[in-house]
Amino acid sequence: MSEPKPKPFAISKQAVWDAYLRVKANKGAAGVDEQSIAEFERDLRGNLYKLWNRLSSGSYFPPPVRAVEIPKQDGSSRKLGVPTVADRIAQGVAVQALEPLVEPHFHPDSYGYRPGRSAHDAVAVCRQRYWRQDWVLDLDLKSFFDSVPWDLILKAVAHHSEERWIVLYVERWLKAPLQCEDGSLIERDRGTPQGSVISPLLANVFLHYAFDAWMTREHPTIRFERYCDDIVVHAASDGQARMLWAAIARRLAECGVQLNERKTRIVYCKDDKRPGSYERVSFVFLGYKFRPRLARSKSGKKFVGFLPAVGDDEKKRIGRAIRRWRLHRRSEETLTDLALAINTEVRGWANYYGRFYRSELVRLLGRINECLVRWACWKYKRLRRRPAKALGFLVDVHRRDPDLFAHWRFGARPSGWTMGAG
């Protein structure tokens with residue numbers, strides 16, 4: 001009996017299994033085939049074997065990516081791409097192979113979608129560096145994921161990997177069309193869809209050469225923080241910031257990417273030690289708004305610092321979510337029911353937006369207590385039209401069970417709180 005022919009590409013079954021586990025952990029919606037993770041798992045062994053066989057033989061062709069319109073704060077929308085479950089696993093296999101090859105070369109001030117790094121790390125470093133530099137250039141890349149050129153991505157990937165299958169499949173993923181809700185296909189000639197497993201890594205590979213390495217070579221004394229396509233550059237003066245703006249715009253244009261000139265801005269980092277009046281003294285980075293804020297030193301002395309706190313758009317989004325819960329109308333439920341319904345979302349807000357200048361988020365989450373007071377007035381006849389008594393009831397519950405609600409644990413407690421606060 002003859003031995004089976006070896007596969008053209010050495011992709012292990014373990015790599016496919018590991019990629020599946022990551023996709024399962026991340027959950028996510030179904031793609032164009034409408035197959036959920038649960039449905040994929042009905043024949044898990046067979047589906048994974050089929051995927052491995054196609055990947056290792058070179059015969060894997062990704063299906064179209066489901067296009068989903070996501071509304072933006074300014075009223076426009078951005079297009080997300082949702083690959084099928086099998087395609088997310090296939091992309092995960094490539095990420096596992098490519099990431100160890102490129103990761104050692106990435107810049108120390110690149111933070112997005114990298115192991116052991118987070119958005120909080122980028123915000124913390126940005127906060128520290130404003131102490132030494134008075135100005136910030138807040139860069140906005142125009143439709144980055146829709147415009148990044150394929151040839152430069154493939155050139156960078158090929159530079160780091162000798163595995164032909166990685167370059168082959170990256171090219172196929174880049175060329176996979178988007179499928180709209182009506183079933184029509186959008187053919188593309190550039191860009192990498194946001195929402196796919198491999199897009200963040202490809203974006204980092206591209207921007208490493210288009211921006212990070214170029215900055216290190218051409219402007220070695222300039223500090224910056226980059227989280228994927230969200231970039232902040234520090235400058236010593238307004239003139240230096242303007243020079244950097246022009247130079248960076250030229251460099252990115254050479255690489256096929258444009259700055260959004262309307263949203264890119266120069267910001268003065270105003271605080272107690274920096275007097276004067278300037279047009280812009282705030283910017284948003286990774287959901288945190290940097291601006292002059294009152295703070296207190298370790299010795300108790302008050303001062304004005306240029307500090308990050310939960311951003312205005314994020315406050316509005318959280319406020320809308322709190323109103324959408326309509327807690328005051330859910331009088332058929334207990335406080336425990338309400339806590340179970342909202343705690344996961346509140347904990348997510350606290351974990352992300354509560355890392356810096358937490359008092360700003362504490363005041364915002366105090367609105368939940370107002371809703372709970374109204375809930376008590378609806379639920380108990382003895383508390384109808386008696387909000388002060390309802391607040392006292394809530395204070396008593398907090399004393400007995402201070403960990404019942406996630407916002408209580410975070411610091412937005414009902415004690416000492418009055419109606420209308422926050």
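Provided above is the structure to which this section pertains.
The rules behind each value
Residues numbered from 1 in each chain as written. Predicted model: local features only at pLDDT ≥ 70, side-chain atom pairs only at ≥ 80, totals over all residues. Heavy atoms only, no water. Helix = DSSP H or I, 4+ residues; strand = E, 2+ residues; numbered from the N terminus. Buried < 20%, exposed > 50% of the residue type's maximum accessible area, 1.4 Å probe, protein only. Pairing = 2+ DSSP bridges. Axes fitted to C-alpha atoms, helices over the stretch in contact; angles between N-to-C directions. Parallel < 35°, antiparallel > 145°, perpendicular 65-115°, else oblique. Left-handed = near helix turned anticlockwise from the far one by under 90°. Contact = heavy atoms within 4.5 Å. Phe/Tyr/Trp six-rings, centres within 6.5 Å; stacked < 30°, edge-to-face > 60°. Lys NZ or Arg CZ within 6 Å of the ring centre and 35° of its normal. Expected span 1.5 Å × (residues − 1). Bend = angle between axes of the 7 residues up to and from the residue. Polar contact = N/O pair within 3.5 Å; in protein donor to acceptor, adjacent residues only side chain to side chain. Salt bridge = Lys/Arg side-chain N within 4 Å of Asp/Glu carboxyl O.

**Comments concerning unusual backbone geometry**
Moving on, step 1. Despite not being glycine, serine 143 shows a phi value in the positive range, around 45 degrees.
Moving on, step 2. Turning to its location among the elements, serine 143 is positioned in the loop between strand E3 (135-140) and helix H6 (144-147).
Moving on, step 3. With relative accessibility at 45%, the residue serine 143 sits in the partly exposed group.
Moving on, step 4. Residues other than glycine seldom take positive phi values, yet leucine 286 does so here, at roughly 55 degrees.
Moving on, step 5. Mapping leucine 286 onto the fold places it in the loop between strand E9 (283-285) and strand E10 (288-296).
Moving on, step 6. In this structure leucine 286 comes out as buried when scored by relative accessible area, which is 13%.

**Thoughts on the sheet that holds strand E7 (residues 230-235)**
In a beta sheet, neighbouring strands are held together by backbone hydrogen bonds and run either parallel or antiparallel to one another.
Moving on, step 1. The strand order E6-E7-E3-E8 describes an open sheet built from four strands, whose pairing is antiparallel. Strand pairing shows two members of the sheet lacking a second neighbour, strand E6 (224-227) and strand E8 (265-268), which therefore form its edges. Sheet twist, expressed as the mean angle between neighbouring strand axes with direction ignored, is 20 degrees.
Moving on, step 2. Here four bridges tie E6 to E7, and the two strands are oriented antiparallel to one another. The residue of E7 that forms the bridge with arginine 226 is isoleucine 231.

**A look at the packing of helix H3 (residues 44-57) against helix H4 (residues 85-102)**
Moving on, step 1. Between H3 and H4, whose axes approach to 11 Å, the crossing angle comes to 50 degrees. The orientation of H3 with respect to H4, classified from their angle, is oblique. In this structure, the crossing between H3 and H4 has a hand that is right-handed. On H4, the residues that touch Leu48, Leu51 and Leu55 of H3 are Ala86, Ile89, Ala90 and Val93.

**Brief notes about the sheet that holds strand E11 (residues 302-310)**
Moving on, step 1. Reading across from one edge, E9-E10-E11 is the order of the three strands in this open sheet, with antiparallel pairing throughout. Of all the strands in the sheet, just E9 and E11 have a single pairing partner and so form its edges. Shown here is a sheet whose adjacent strand axes are inclined to one another by a mean of 50 degrees, direction ignored.
Moving on, step 2. Sheet analysis places E10 next to E11, joined by nine bridges and oriented antiparallel. Paired with phenylalanine 290 across the strands is proline 308, a residue of E11.

**Let's talk about the packing of aromatic side chains**
Moving on, step 1. Under the definition given, this model contains 26 aromatic pairs.
Moving on, step 2. Considering the side-chain rings of phenylalanine 283 and phenylalanine 290, the 4.8 Å spacing of their centres and the 5 degrees angle between planes classify their relative orientation as stacked.
Moving on, step 3. Among the residues examined, phenylalanine 283 registers a relative accessible area of 3% and is labelled buried.
Moving on, step 4. One aromatic cluster in this structure is built from Phe9, Tyr60, Trp165, Tyr169 and Trp173.
Moving on, step 5. The ring of tyrosine 111 has arginine 117 sitting right over it, with the charged end atom 5.2 Å from the ring centre.
Moving on, step 6. When the ring centre of tyrosine 380 is taken as reference, the NZ or CZ atom of arginine 382 above it lies at 4.9 Å.

**Points about helix H9 (residues 199-218)**
Moving on, step 1. The terminal C-alpha atoms of H9 lie 27 Å apart, and with 20 residues this matches the ideal 28 Å at 1.5 Å per residue to within 8%.
Moving on, step 2. The sharpest bend along H9 comes to roughly 50 degrees, located at histidine 208.
Moving on, step 3. For H9, the tally of buried residues reaches 15 of 20 residues, placing the bulk of the element in the interior.

**Topic: the environment of histidine 407**
Moving on, step 1. As for its placement among the helices and strands, histidine 407 is situated in helix H15 (residues 406-410).
Moving on, step 2. Exposure remark for histidine 407: the relative accessible area of 0% places this residue in the buried category.
Moving on, step 3. Along the primary structure histidine 407 and tyrosine 111 are separated by 296 residues, whereas in three dimensions their C-alpha atoms are 29 Å apart.
Moving on, step 4. Excluding anything up to four places from it in sequence, histidine 407 contacts Val346, Leu365, Ile368, Asn369, Leu372 and Ala412.
Moving on, step 5. There is a polar contact of 2.8 Å between the side chain of histidine 407 and the side chain of asparagine 369.

**Concerning H4**
In an α-helix, one turn spans 3.6 residues; hence positions three or four apart end up facing the same way.
Moving on, step 1. Over its 18 residues, H4 runs 25 Å from end to end, which matches the ideal 26 Å to within 8%, given 1.5 Å per residue.
Moving on, step 2. Taking the largest bend as the criterion, H4 deviates by roughly 25 degrees, centred on glutamine 96, and proline proline 100 comes between one and four positions later.
Moving on, step 3. With 13 of its 18 residues buried, H4 lies for the most part within the structure.

**Some thoughts on the pattern of salt bridges**
Moving on, step 1. Taken as a whole and judged by the stated rule, the model has 18 salt bridges.
Moving on, step 2. Here arginine 274 ties to aspartate 134 by a salt bridge, and the two come within 2.7 Å at their closest N and O atoms. Of this pair, arginine 274 sits in the loop between E8 and E9 while aspartate 134 sits in the loop between helix H5 (119-129) and E3, placing them 140 residues apart in sequence.
Moving on, step 3. A residue is classified by how much of its surface remains accessible, and arginine 274, at 7% relative accessible area, is buried.

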